[in-house]
Amino acid sequence: MYGCLTMTSLPTSELLPDFIRRRAREVADTVRKIREDLHAHPEIRFQEHRTAALCATELHRLGMEVRTGVGGTGVIGILRGNAGDNPAAVAFRAEMDALPMDDECGRPYQSVNPGAAHLCGHDGHVAALLGAAQILSELRHAIRGSVKFLFEPAEEMTPAGEKSGAQAMIEDGALQDPEPIAVFGSHFYPEWPAGSIALRAGPAFTGNDTVRLTITGQESHVAAPHAGIDAINVAGHVITALQGLAAGFNIEEAVTMHFSKISGGRMPNLIAERVDLEGTFRISDETLRNEMPDRFNAMVRGVCAAFGAKCEIDYRSRNLPPVISTPREVNIMRSALHETLGIDKTIEMRHPRLAADTMFNWLNRKPGVFYMVGVAGEDPATHYPSHHQRFDIAPETWPASVSAIAITAIRYLEQAGSKP
Ligand SMILES: [Zn+2]
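Residues numbered from 1 in each chain as written. Predicted model: local features only at pLDDT ≥ 70, side-chain atom pairs only at ≥ 80, totals over all residues.

Student: Account for the overall build of the protein, with residues named and values stated.
Tutor: For the protein, the helix and strand inventory stands at nine helices and 16 strands. Overall size of the protein, expressed as C-alpha extent along the three principal axes, is 90 × 45 × 40 Å. Across the 420 residues that make up the protein, the buried fraction comes to 50%. Within the protein, contacts between residues at least 6 apart in sequence are counted, and of these 80% link residues at least 24 apart. (Helix = DSSP H or I, 4+ residues; strand = E, 2+ residues; numbered from the N terminus. Buried ≥ 20, exposed ≤ 12 C-beta atoms within 10 Å, placed from the backbone. Contact = placed C-beta atoms within 7 Å.)

Shown next as structure tokens:
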């Protein structure tokens, strides 16, 4: 599928960035074709059989040790380098699943599977990781340790009480034999131009916190308001107070706090006794996030008390934990990116995205980086946000995403591999 490389053209360490840049450009078209093939044949959670088979075939072709059926439909490839005697391994993860939605991209590679669509860029994550696997397999002589390729099922929309693909893979031994000293993963994002990579130490995705709130007043006929306590009125004050609270936060922080579901009342002529609200809070600053349950409780209780209403609060902090990149790994990756992409294409994220990702499963156990890959190019379709039905990826994305993985794998093992 890819072009071959003769042993005589293998680069020394200083020439490695040039080699990776060149090969990343050369494999970019094949990577694009893999992505378009996956885009046309999307598979939703734990049904990624075709995708997994494609990954396994490619990893086998590259001469890797391959495990299939890991945690369901997960696939692992292990590339053993032969630059010196170093037992360390570093892992890179790509998600394979699509969303249970319809694709409206209108391109020749539009989904042929109704109710399944790659609108989150996971097709591109897989294709880029396979492109990097190709280049790294040509560079075994430069790899001081092993590189582990994790193709993860079921990243999206884990139903309550069920496992995500990341959990299932980890429980099935994905972090063993060899145990990686760090895990890296990426997400495509139209917020940055194609060809650039954005990263930061600390939270990359905030994860989310959820809130359920029940306000109980006193039912009475609207003709006798003095006998009732209007739970709908109290709920209105709680909603307003919540936005007032958010208005007092540091403007540098990214925050979204919304009640997104509300129900209450029985009849048009009865003052409502009960209102139920549910909401999602995402807060970029971890200190503020830790304070929020107490601040929210105090605010809600104060408002309810003022009206004589009662409340029950179920604040689930870290319903989905944040995805946190560790400083040492970010530093090593940043300098590796400077070598290949250049400083101008290596972007510091100002604050985390208000999003959630199963990458936290890996990074709660191992150090590593969750970085963002810019996908926005000239085509307006490459500016749609993730989950938009016309989400697309600019071609300049491929060389950057592929070379970022290849250079980081080699430099990370060189620098961190001998002293975990
Ligand atoms: Zn995603």
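Student: Mind laying out the pairing of strand β3 (residues 89-95), listing which residues take part and the relevant values?
Tutor: Of all seven residues in β3, seven are buried; the element is thus mostly enclosed. What you see with β3 is no split at all: Ala89, Ala91, Arg93 and Glu95 on one side and Val90, Phe92 and Ala94 on the other are buried throughout. Bridge count for β3 against strand β4 (residues 146-152) is seven bridges, and the pairing is parallel. Paired with Val90 across the strands is Val147, a residue of β4. Considered for its hand, the β-α-β crossover made up of β3, helix α3 (residues 122-138) and β4 is right-handed. (Pairing = 2+ DSSP bridges. Right-handed = clockwise from strand over helix to strand, strands pointing away.)

Student: Account for the packing of helix α7 (residues 327-340) against helix α9 (residues 397-416), with residues named and values stated.
Tutor: In the contact formed by α7 and α9, the axes pass within 9 Å of each other and the chain directions differ by 130°. It follows that α7 is oblique to α9 by the angle criterion. In this structure, the crossing between α7 and α9 has a hand that is right-handed. Here α7 contributes Ile332, Met333, Ala336, Leu337, Glu339 and Thr340 to the contact with α9, which in turn contributes Ser403, Ala404, Ile407, Thr408, Arg411, Tyr412, Gln415 and Ala416. Along the lines of polarity and charge, the residues of the contact of α7 with α9 split into eight nonpolar, four polar and two charged. (Axes fitted to C-alpha atoms, helices over the stretch in contact; angles between N-to-C directions. Parallel < 35°, antiparallel > 145°, perpendicular 65-115°, else oblique. Left-handed = near helix turned anticlockwise from the far one by under 90°. Nonpolar A, V, L, I, M, F, W, Y, C, P; charged D, E, K, R; others polar.)

Student: Account for the nonpolar core, with residues named and values stated.
Tutor: One finds Leu129, Leu136, Ile197, Val402, Ala406 and Ala409 to be the most contacted residues of the largest nonpolar core, which totals 91 residues. For this core, the leading source of residues is α9, giving 11 residues. Not counting chain neighbours up to four residues away, the residues in contact with Ala409 comprise Val90, Phe92, Leu136 and Val147. Counting residues in each nonpolar core, the second largest holds 23 residues, with Val275, Met292, Ala309 and Cys311 among its members. (Core = buried A, V, L, I, M, F, W, Y, C linked by C-beta atoms within 7 Å.)

Student: So what's going on with the environment of Val70? Residues and values would help.
Tutor: Here Val70 is to be found in strand β1 (residues 65-70). Along the primary structure Val70 and Gly173 are separated by 103 residues, whereas in three dimensions their C-alpha atoms are 7.9 Å apart. Discounting residues that sit within four places of it in the chain, Val70 has contacts with Val75, Ile76, Met169, Asp172 and Ala174.

Student: Tell me about the environment of Lys148, residues and numbers included.
Tutor: Relative to the helices and strands, Lys148 resides in strand β4. It is 26 Å that separates the C-alpha atoms of Lys148 and Gly342, two residues lying 194 residues apart in sequence.

Student: Explain the pairing of strand β12 (residues 274-283) to me, using residue names and the numbers behind them.
Tutor: The pairing of strand β8 (residues 208-216) with β12 spans eight bridges and is antiparallel. Each residue of the ladder has a partner; that of Thr214, found in β12, is Asp276. Note: strand β10 (residues 255-264) against β12, nine bridges, orientation antiparallel. Directly across from Ile262, in β12, lies its bridge partner Leu277.

Student: For the sheet that holds β4, give the residues involved together with the corresponding values.
Tutor: Pairing in this open sheet of eight strands is mixed, and the strands run β1-β2-β4-β3-β5-β16-β6-β15 from one edge to the other. Of all strands in the sheet, those bounded by a partner on one side alone are β1 and β15 (346-348). Across this sheet, the average inter-strand angle for adjacent strands is 25°, counted without regard to direction. Contacts from helix α2 (residues 49-61) reach β1, β2 (74-80) and β4 within the one sheet, and its direction differs from that of β1 by about 165°. Contacts from α3 reach β2, β3, β4 and β5 (182-193) within the one sheet, and its direction differs from that of β3 by about 150°.

Student: Quick rundown of the domain arrangement of the protein? Include the residues and the values.
Tutor: Note: interface size is frequently given as the accessible area lost on complex formation between the parts. Here the domain parsing of the protein yields domain 1 (7-206 + 321-416) and domain 2 (208-320). Computed from C-alpha atoms alone, the centre-to-centre distance between domain 1 and domain 2 is 40 Å. (Domains from an automatic or database assignment.)

Student: Describe α7, naming the residues involved and giving the relevant values.
Tutor: For an α-helix the count is 3.6 residues per turn, leaving residues at separations of three or four pointing the same way. Taking 1.5 Å per residue, 14 residues should reach 20 Å; α7 reaches 20 Å between its end C-alpha atoms and fits that length. Taken together, the buried positions of α7 are occupied by Glu329, Val330, Met333, Ala336, Leu337 and Thr340. Looking straight down α7, one finds its buried side chains confined to an arc of 130°; they lie on one side. Phi for Gly342, located one or two positions after α7, is positive at around 95°. (Expected span 1.5 Å × (residues − 1). Arc of directions from axis to C-beta.)

Student: Could you give an account of the sheet that holds β10, naming the residues involved and the relevant values?
Tutor: Here we have four strands laid out as an open sheet, ordered β10-β12-β8-β13, and antiparallel in their pairing. With one partner strand each, in any of the chains shown, β10 and β13 (310-320) form the two edges of the open sheet. Across the sheet, the mean angle from the axis of one strand to that of its neighbour is 15°, orientation sign disregarded. Each of β8, β10 and β12 touches helix α5 (residues 231-247); the most contacted strand, β10, lies at about 175° to it. Each of β8, β12 and β13 touches helix α6 (residues 286-307); the most contacted strand, β13, lies at about 165° to it.

Student: Kindly report on the packing of α3 against α9, identifying the contributing residues and their values.
Tutor: With their axes 8 Å apart at the nearest point, α3 and α9 run at an angle of 50° to one another. Classified by the angle between their axes, α3 and α9 sit oblique to one another. Regarding α3 and α9, the two cross each other, and that crossing is right-handed. Residues Gly124, Ala128, Leu129, Gly131, Ala132, Ile135 and Leu136 of α3 pack against Thr397, Trp398, Ser401, Val402, Ile405, Ala406 and Ala409 of α9. Across the contact of α3 with α9, the residue classes tally to 10 nonpolar, four polar and no charged.

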